[in-house]
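Here's the letter readout for the chains.
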Amino acid sequence: MLKGGLIGCGFFAVNQLHGWRDTEGAGITAICDQDPARLAEVGDAFGIDARYTDAADMLAAEALDFVDIATTVPSHRALVELAAHHAVHVICQKPLAESLEDARAMIRAVEATGKVFMVHENFRWQSAIRAAIHSIREGDIGKPFFCRASFRSGYDVFSGQPYLAEGERFIIQDLGIHVLDIARALMGDVTRLSATTQRINPAIKGEDVATMLLAHDSGATSVVDCSYASRRKIETFPETLLEIDGDQGSLRLSEGYQLSIQHGGTEKVLDVEPPLLEWAERPWHNIQESVVAIQQDFARCIAEGRQPETSGEDNLKTLALVEAAYLSAQEGRTIVLSEL
Ligand code: NAD
Ligand code: 89V
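Residues numbered from 1 in each chain as written. Chains lettered and ligands numbered in written order. Predicted model: local features only at pLDDT ≥ 70, side-chain atom pairs only at ≥ 80, totals over all residues. Heavy atoms only, no water.

**Concerning the site of ligand 2**
Put simply, the rule reads: Nearness of a residue to a molecule or strand requires only that one of the residue's heavy atoms be within 4 Å of it. Here a polar contact means two N or O atoms within 3.5 Å. Within protein one must be a hydrogen donor candidate and the other an acceptor candidate, and residues neighboring in sequence count only if both atoms are side-chain atoms. In this description, accessible areas are obtained by the Shrake-Rupley approach with a 1.4 Å probe, and a residue is regarded as covered only by the protein chains that are shown. Here a cavity is any set of points on a 1 Å grid over the protein atoms alone where a 1.4 Å probe fits but cannot get out, and a pocket is any open set with protein on both sides within 12 Å along at least 5 of 7 lines; a residue lines the site when it has an atom within 4 Å of a point. In this scheme, a molecule is assigned to a cavity or pocket if more than half of its atoms are within 2 Å of the grid points. Gly falls in the polar group here, along with every residue not listed as nonpolar (Ala, Val, Leu, Ile, Met, Phe, Trp, Tyr, Cys, Pro) or charged (Asp, Glu, Lys, Arg).
Near ligand 2 you find Lys94, Phe123, Val157, Gln161, Asp174, His178, Tyr228, Trp284 and Ile287, and these make up its full shell. Contact distances for ligand 2 include 2.5 Å between an oxygen atom and a side-chain N or O atom of lysine 94. Here aspartate 174 contributes a side-chain N or O atom positioned 2.7 Å from an oxygen atom of ligand 2. Burial of ligand 2 by the surrounding chains reaches 92%, relative to a free accessible area of 270 Å². Counting atoms within 2 Å of the grid points, the majority share of ligand 2 lands in the largest pocket. Among the residues forming the shell around ligand 2, the class breakdown is 5 nonpolar, 2 polar and 2 charged.

**Things to note about the side chain of serine 135**
Here is the rule: Here a helix means four or more residues in a row that DSSP labels H or I, a strand means two or more in a row labelled E, and each is numbered from the N terminus. For every residue, the accessible area obtained with a 1.4 Å probe (protein chains only) is divided by the maximum for its type, and the residue is called buried under 20%, exposed over 50%, and partly exposed between those limits.
Inspection of the secondary structure assignment puts serine 135 in helix α6 (residues 127-137). Residue classification places serine 135 among the buried residues on the basis of a relative accessible area of 2%.

**As for helix α1 (residues 13-21)**
Of all 9 residues that make up α1, 7 are buried, and the element is covered over most of its length. For α1, the set of buried residues is Ala13, Asn15, Gln16, Leu17, His18, Gly19 and Trp20.

**Quick word on empty space enclosed by the protein**
Put simply, the rule is: Grid points are joined across faces, edges and corners, and a volume is the space filled by probe spheres set on the points.
Scanning the model with the defined rule gives 1 cavity of 30 Å³ or more in all. Considered as a void within the structure, the largest cavity measures approximately 40 Å³ in volume. In terms of lining, the largest cavity is formed by Gln126, Ala128, Ile129, Glu239, Thr240, Leu253, Tyr257 and Asn286. Classifying every residue of the lining of the largest cavity by side-chain character gives 4 nonpolar, 3 polar and 1 charged.

**Some details on the site of ligand 1**
Taken together, 26 residues lie around ligand 1, and Phe12, Asp33, Lys94, Asn122 and Tyr163 are the ones closest in. At 3.3 Å from a nitrogen atom of ligand 1 is found a side-chain nitrogen or oxygen belonging to glutamine 93. One of the backbone nitrogen or oxygen atoms of lysine 94 is found 2.8 Å away from an oxygen atom of ligand 1. Look at ligand 1: alone it shows 850 Å² of surface, and the protein chains cover 85% of it. For the shell around ligand 1, the per-class residue count stands at 9 nonpolar, 12 polar and 5 charged.

**Observations regarding the layout of surface pockets**
The calculated volume of the largest pocket comes to roughly 1,100 Å³. If you trace the largest pocket, you find 47 residues lining it, with Thr71, Thr72, Val73, Gln161 and Tyr163 closest to the centre. Put simply, the parts of the chain that give the lining of the largest pocket at least two residues each are α1, α4 (76-85) and α7 (171-187). Take the lining of the largest pocket: its biggest share by element is 4 residues, from α7. Each residue belonging to the lining of the largest pocket can be placed in one class, and the counts come to 24 nonpolar, 16 polar and 7 charged.

**Things to note about the pairing of strand β4 (residues 66-69)**
To keep it simple, the criterion reads: Two strands form a pair only when DSSP identifies at least two bridges running between them. When the strands point away from the viewer and the path from the first strand over the helix to the second turns clockwise, the crossover is right-handed.
Side-chain alternation along β4 places Phe66 and Asp68 on one buried face and Val67 and Ile69 on a second face that is also buried. Two elements, β4 and strand β5 (residues 89-93), share 4 bridges in a ladder whose sense is parallel. Note that in β5 the partner of valine 67 across the bridge is valine 90. Each parallel crossover has a hand, and the one from β4 via α4 to β5 is right-handed.

**Some thoughts on the pattern of salt bridges**
The line we're drawing: Should a side-chain nitrogen of Lys or Arg be within 4 Å of a carboxyl oxygen of Asp or Glu, the pair is scored as a salt bridge.
Throughout the structure, instances matching the rule amount to 26 salt bridges. In this structure, arginine 77 engages glutamate 81 in a salt bridge whose closest nitrogen and oxygen atoms are separated by 2.9 Å. On the criterion of helical spacing, the pair formed by arginine 77 and glutamate 81 is a turn pair, its members being 4 residues apart in helix α4. In this structure arginine 77 comes out as partly exposed when scored by relative accessible area, which is 29%. Two residues, aspartate 297 and arginine 306, come together in a salt bridge whose shortest N-O distance is 3.7 Å. When its relative accessible area of 32% is taken as the criterion, arginine 306 is described as partly exposed. Via salt bridges that share partners, Arg124, Arg130, Arg137, Asp181, Arg184, Asp189, Glu309, Asp314 and Lys317 belong to a single interconnected network.

Structure below.
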């Protein structure tokens with residue numbers, strides 16, 4: 001079994017620890033958090049005795065195959081570079097870095113070791129999104145020319161993740177990054193992007209609404225719209241809804257995880273609701289199941305000696321969309337991705 005060290009034992013890391021228990025061929029044998037109280041709480045909950053308040057100490061003392069970095073973004077570059085120094089495989093939470101320059105340096109550092117570098121970009125690993133990606137890649141609706149990827153919610157994310165209310169950047173960097181990544185997974189890479197942002201909730205610092213228009217290499221267009229200010233009777237957190245039109249049919253992923261694939265006058269409707277894992281809870285079960293899927297793929301990539309679909313290199317292109325969106329909203333112009 002591959003031995004992993006988890007760095008950061010906060011809000012989301014608990015899902016990752018449950019996920020590692022469900023992952024074949026890999027597990028967490030040591031944990032690290034700079035907060036001793038959090039370290040003790042999580043270590044006791046998961047029965048892990050090897051505990052460190054400093055990641056450098058953990059990597060020096062433990063014979064690890066990989067690290068799982070579950071801290072917030074300011075620490076990512078230093079921790080990835082530390083992991084590269086110890087030549088271990090790395091899986092790192094999104095957003096990968098605070099700048100494209102940092103992300104490029106991190107990718108270079110791991111690349112030099114020849115190890116696997118995955119970004120924990122789990123939304124495209126959700127089973128409903130996976131089903132849509134599979135259908136598009138199989139050509140069920142022909143060549144897609146339009147996509148709307150939509151995440152609109154009024155869910156209180158701030159109680160679990162208070163830091164989200166405090167940053168200059170909010171929805172694009174934290175949530176839009178997932179939806180932009182889904183648009184890339186479905187429709188391919190992007191040449192131009194324009195965006196508007198709004199702050200509806202006066203109690204937070206950053207933007208909580210973003211509307212983005214993407215021109216893809218293929219000639220297709222996507223609209224990616226995200227909101228944490230949408231008060232509706234039916235709350236869809238944390239579902240990403242999809243409307244995709246192709247030259248031979250249409251695909252819709254609607255609320256309640258209903259996938260409709262229409263082609264040649266026929267419609268196939270699939271219930272793609274994720275299973276409720278025994279440690280999971282609604283409405284988070286969608287995200288929680290994707291954690292197992294992405295971590296299982298990471299373990300497989302190590303075993304098979306290949307880089308993952310959501311590698312550091314791949315994720316750089318999603319991160320570039322985030323930067324382009326902020327720049328576009330700030331300067332009121334369309335951003336050509338090659339200028340970044
Ligand atoms: P959090 O603040 O609850 O937890 C972070 C933990 O890391 C804290 O306990 C903190 O003490 C510790 N930490 C910070 N720097 C450290 C360092 N240098 N060494 C050791 N420990 C350190 O944050 P969170 O909500 O769990 O988010 C963590 C990351 O996960 C973020 O990047 C966030 O965007 C991401 N996230 C992803 C998803 C998803 O679905 N992919 C969901 C939620 C959060
Ligand atoms: O995925 C995330 O990073 C989370 C949430 C889904 C709540 O936005 O912060």
